[in-house]
Every structure is written in C-alpha cells, then in structure tokens.
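# Reading the structure
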Amino acid sequence: QDAALLAEACAELPDVRYGETDRTSLFTWKIWLTPGNLGPNQGDNETPLVFYLVAVVALCFATMGMSNFLQYTEFKVDEKVRMPCDFAILVTGLPKEVTSEREIAKFFEEHAVQGQHDTKVTSVVIGWNMASANAKQRELARLRKQVEKGDLAEEDLANAKKRIAELRD
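Our subject in this report is the structure included herewith.

What counts, and at which threshold
Residues numbered from 1 in each chain as written. Predicted model: local features only at pLDDT ≥ 70, side-chain atom pairs only at ≥ 80, totals over all residues. Heavy atoms only, no water. Helix = DSSP H or I, 4+ residues; strand = E, 2+ residues; numbered from the N terminus. Buried < 20%, exposed > 50% of the residue type's maximum accessible area, 1.4 Å probe, protein only. Contact = heavy atoms within 4.5 Å. Areas by Shrake-Rupley, 256 points an atom, 1.4 Å probe, with all protein chains shown as cover. Expected span 1.5 Å × (residues − 1). Arc of directions from axis to C-beta. Phe/Tyr/Trp six-rings, centres within 6.5 Å; stacked < 30°, edge-to-face > 60°. Salt bridge = Lys/Arg side-chain N within 4 Å of Asp/Glu carboxyl O.

This part is about the overall build of the chain. Counting secondary structure elements, the chain contains six helices and zero strands. Shown N-terminal to C-terminal, the secondary structure of the chain runs as helices and strands in the order α-α-α-α-α-α. Residues counted as buried form 9% of the 169 residues belonging to the chain. Sequence separation of at least 24 residues holds for 18% of the intrachain contacts in the chain that already meet a minimum separation of 6. Accessible area of the chain: about 14900 Å², with a carbon and sulfur share of 58%.

Now the structure itself:
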C-alpha cells in the first residue's frame, strides 16, 4: 500500500537526472540539496558546505556553552543548599579500642573547633575496611584449621594461638 502511494506521488513529478541543473520540481531540488552533492558533478556550489560547516561550529559552541551553564548552575545551587556532605569528615587511624560511636561523637564535640567545646555532632558512622576484615577472617580460618589438625610443632602451635587471639581483638 505504501509503495503504491509513493509510486503515485512520484508519477506526478518530472524525471530529473542526477546532476542536471534544470530544477523543474521543488521536491526534486530539495532531495538533491545534501552534502553528497559536493561530488564530481555538483562540487561547483560551496553554499551547502559553508552552511553545514557553520552549523557544526554553532553546535560545538552551543555544547560548550551549555556545559559551562550547567557547571555554573551546579556551583550556585551548591552555594545556597546545605547538604550533609558539606559537614562530613572522614577520620582514619582511630585507636582499635575506640569502637563506640558515642565516644567518638563526644571527642569531636569537644575538639572539632578550636576554642569551642560545644560543637554539635549530628551522627557518627563507623566504616570498616572490608578488604582488611575479609583478609583477617581468611587468616583466622586458616589458623584454626591448622590448630584443629594438630600437626603443628609446639612453638608453631603457640604462635598460631597467639595470632588467633590477636585477630579476634
């Protein structure tokens, strides 16, 4: 059905060979106005090429301008809106015996701002190094198997039990 409609519409148009300069049909003239027309027979008119070049350059500038506008907007919004990450701190190297979130919060309430001992701490979240914890778990399992087998020398057995105690803490 579509092929029949297309054939009927095209039957009304005059036949124009590719490369012919007599543009008798507006429809046919618009079909030939493509960058591909800059080939051997249609390369004498540079207007389409110039317009495409201008369009590409304009698109590049528009893209860069939009990128700058988005960065500026993000900066302005970040200035006005307060987020939790604006006040978050990451602390590493805490002593192993400090595992209470309450103790850590109390310490930072007293020492976070120099000369101020009533800084409000909203919450404390203790994050664990899971790669290190998993490695310790694997080592602990390996040492327990060795101790259970009982094929360790007396000195090695004492060292394994000592290491197991260290890993549990």
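A separate point is helix α6 (residues 154-168). If you check α6, its first and last C-alpha atoms are 21 Å apart, about what 15 residues at 1.5 Å a residue would give, namely 21 Å. Among the residues of α6, A160, I164 and L167 are the ones counted as buried. Angular distribution of buried residues about the axis of α6 spans 65°; they occupy a single face of the element. Exposed side of α6, more than 90 degrees from the buried face: E154, E155 and K162 are the residues found there. Packing partners of the buried residues in α6 comprise α5 (130-149).

Okay, α5 next. Taking 1.5 Å of rise per residue, 20 residues should cover 28 Å, and α5 covers 29 Å from first to last C-alpha, within 8% of that figure. Backbone geometry just downstream of α5 places G150 in the positive-phi region, at approximately 80°.

Applying the stated rule across the entire model yields one aromatic pair. Relative to F108, the ring of F107 lies with its centre 5.3 Å away and its plane at 90°, an arrangement referred to as edge-to-face. The exposure class assigned to F108 is buried, which follows from its relative accessible area of 19%.

Looking now at the pattern of salt bridges. Inspection of the entire model under this criterion finds three salt bridges. A salt bridge links E79 to K76, with the nearest nitrogen and oxygen atoms 3.6 Å apart. On the criterion of helical spacing, the pair formed by E79 and K76 is a turn pair, its members being three residues apart in helix α3 (residues 47-80). The exposure class of E79 is partly exposed, given its relative accessible area of 40%. Accessibility expressed as a relative area gives 32% for K76, which makes it partly exposed. Measuring nitrogen to oxygen at the nearest pair gives 3.0 Å for the salt bridge that ties R163 to E139.

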